[in-house]
Every structure is written in C-alpha cells, then in structure tokens.
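# Coordinate inspection notes
Residues per chain are reported as follows:
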Amino acid sequence: MSNPKHTLFWMTLFLAVVLLVGALIHKPLMTAFMANWVFNLLIVGVLIVGIAMTYRQVLVLFPELRWISQFRTGHSGLSVLQEPRLLKPLARQLGEESKRDRFKLSTLSLRTVLDGIHSRMDEQREITRYFISLLIFLGLLGTFWGLLGTINAVGDVITNLNMGEEDFGKVFAELQAGLQTPLQGMGTAFSSSLLGLGGSLILGFLDIQAGHAQNRFYDGLEEWLTGVTNLVDIVDEESQPS
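Residues numbered from 1 in each chain as written. Predicted model: local features only at pLDDT ≥ 70, side-chain atom pairs only at ≥ 80, totals over all residues. Heavy atoms only, no water.

## Quick word on the layout of surface pockets
The calculated volume of the largest pocket comes to roughly 690 Å³. Taken together, 21 residues line the largest pocket, and the ones lying closest to its centre are Val18, Leu29, Leu47, Leu195 and Ile202. Sorting the residues of the lining of the largest pocket by element identifies α1 (5-24), α2 (26-33), α3 (37-59) and α8 (180-228) as the ones contributing at least two each. For the lining of the largest pocket, the element with the most residues is α1, which contributes six residues. (1 Å grid on protein atoms, 1.4 Å probe; cavity = no way out; pocket = protein on both sides within 12 Å on 5 of 7 lines; lining within 4 Å. Points joined across faces, edges and corners; volume = space filled by probe spheres on them. Helix = DSSP H or I, 4+ residues; strand = E, 2+ residues; numbered from the N terminus.)

As structure tokens, this is what we get:
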C-alpha cells in the first residue's frame, strides 16, 4: 500500500509556498485584513480548522496501515494495538479468524466491509467540503455586508450634503469626510472576498491531496483483500445433502 507520508510532504510543501507568497505581499494583505479584522479573523480561523481537518484525514491512515502490517506479518502484537477506526468493519468481520494465516470471507461480506470503510472515509471528506463551502459563504457574506454599509453611507453623505453653502471648499471637505465610511465598507467587501475565496482554494487543494491518499489506501486494501482472501459462496456446498 502507498505511504501517506508522500501526501503529507506535498501538502506541507504547498502550505510553505502559500506562506512564502503571503510573506512577500504581507503589506497589502495586512491592509486588506485590517479593513474588518473581526470578520476576517473568523475567515482565517475557519481556514486553520479546515487545514487541521485535512491533515487529520491523512494522519488517521497511519494507525490503519500499522494494523494491516501487523495482521499481514503474523499478527504479533495485534491484540495490544488500538482497534482501528476505518477498518473496524473488517476487524469485527474477521473476529477470531484473524488468528489464522488465511481467512475466508464471502463475496457479500467482502463487499459489505469495503462499503463500510468507504462510507467512513466519505464522512470525513464531507466535513472538509463543508469548510470549503463555508469559506466561500463567509467571503460572500462579508461582500454583501460591506456593500450594504457602503450603500447606506453613500445615502447619508448625499442626504447631509448642503449644496446651498457658498463656500465650495467647505462643501468639498464635507464630501471628502463623508466618503470615508463608504470606502471602509468597500474595503470590508473586497477583503472578505479575497480571504474567503483564497482560503477555499487553499483548502480545496489540500482536500484533493487528502482524497488521493484515502483513495490509494482504499484501492490497496481492496487489492489485498481480493488477492489473499479465499472467496467462498454464501451457501456452503459441502453442507448440502448429497
């Protein structure tokens, strides 16, 4: 079976490149972040949690691979290992047969075990997919929030603008001061969109890499079970009367 360490390497390398690019353009990023630091901090927090979840998807494969390795090499120390999570249907299905060098599973049992393991991996990926959608949603929410504030602020500026003043310098100064609030709203809109969409792209790449690691694990498991398991029919022919 493939080693998930390669996936962790590429995921970490990708994050290192992202951090390097962020460090090179840190000044405009900090300006965008401070446009509405409370809302943008929420987006960054969701991104960090999502990254941790994608790493967890890969890290949980190591105990499963260790359990399989112990099983295939004579089961030494198998009883003291922690019960696997993804492979729990397989461990329960084998039961006492795990003491043997070869075990028997019917075609239906093998399919049921593989389907159970596949559904468990899909449940983990659904969480990270939700975080990707959540980042996009937060980016759009910040955009509409900022635009709403901009529209209200522009309306207030137009309402409070006194064109009857003879001193046009004073009128221009009032207009200039009044436009500061709409500009802040535009900063909130564009900064949240930038962080939300950028975070979804980062998390999307990591989710793809984690998905590849899980798929390779599942394919290797399916090949191993199909190759070393004695597939038997559900109805034992020997038990049938002659």
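Still more ground to cover, so stick around.
## Remarks on the packing of aromatic side chains
Applying the stated rule across the entire model yields three aromatic pairs. Measuring from centroid to centroid gives 5.3 Å for Phe9 and Trp10, while their planes differ by 70 degrees, and the two rings are edge-to-face. When its relative accessible area of 49% is taken as the criterion, Phe9 is described as partly exposed. Measuring from centroid to centroid gives 6.1 Å for Tyr130 and Phe131, while their planes differ by 80 degrees, and the two rings are edge-to-face. In this structure Tyr130 comes out as exposed when scored by relative accessible area, which is 51%. (Phe/Tyr/Trp six-rings, centres within 6.5 Å; stacked < 30°, edge-to-face > 60°. Buried < 20%, exposed > 50% of the residue type's maximum accessible area, 1.4 Å probe, protein only.)

## As for the side chain of Ser191
Within the secondary structure, Ser191 is located in helix α8. Of the residues examined, Ser191 reaches a relative accessible area of 2% and is grouped as buried. Within the local environment of Ser191, its side chain forms a polar contact with the backbone oxygen of Ala32, the two atoms lying 3.4 Å apart. In this structure the side chain of Ser191 is engaged in a polar contact, spanning 3.4 Å, whose partner is the side chain of Asn40. Beyond its immediate chain neighbours, meaning those up to four positions away, Ser191 contacts Ala32, Ala35 and Asn40. (Polar contact = N/O pair within 3.5 Å; in protein donor to acceptor, adjacent residues only side chain to side chain. Contact = heavy atoms within 4.5 Å.)

## Quick word on the confidence of the model for the protein chain
Across the protein chain, pLDDT averages 76, with 66% of residues at or above 70. Per-residue pLDDT, averaged within each element of the protein chain, yields its smallest value for strand β2 (residues 230-232) (50) and its largest for α1 (93). (pLDDT = per-residue confidence, 0-100.)

## As for the UniProt feature "transmembrane region" (unreviewed entry) in the protein chain
The UniProt entry lists residues 7-25, 37-62, 130-154 and 189-208 under the feature "transmembrane region" (unreviewed entry), expressed in the numbering used here. Between the end C-alpha atoms of residues 7-25 there is a gap of 27 Å, over a span that is 95% helix and 0% strand. (UniProt positions renumbered as here; feature names shortened; annotations may be inferred.)

## Here's the deal with the packing of α1 against α3
Helix packing for two helices is described by the angle between their axes and how far apart those axes are. Between α1 and α3, the shortest axis-to-axis distance is 10 Å and the interhelical angle comes to 160 degrees. In this view, α1 runs roughly antiparallel relative to α3, as classed from their interaxial angle. Crossing hand, α1 versus α3: left-handed. Here Thr7, Leu8, Met11, Thr12 and Leu15 of α1 come into contact with α3, specifically with Ile51, Thr54, Tyr55, Val58 and Leu59. Residue classes in the contact of α1 with α3 are distributed as seven nonpolar, three polar and no charged. (Axes fitted to C-alpha atoms, helices over the stretch in contact; angles between N-to-C directions. Parallel < 35°, antiparallel > 145°, perpendicular 65-115°, else oblique. Left-handed = near helix turned anticlockwise from the far one by under 90°. Nonpolar A, V, L, I, M, F, W, Y, C, P; charged D, E, K, R; others polar.)

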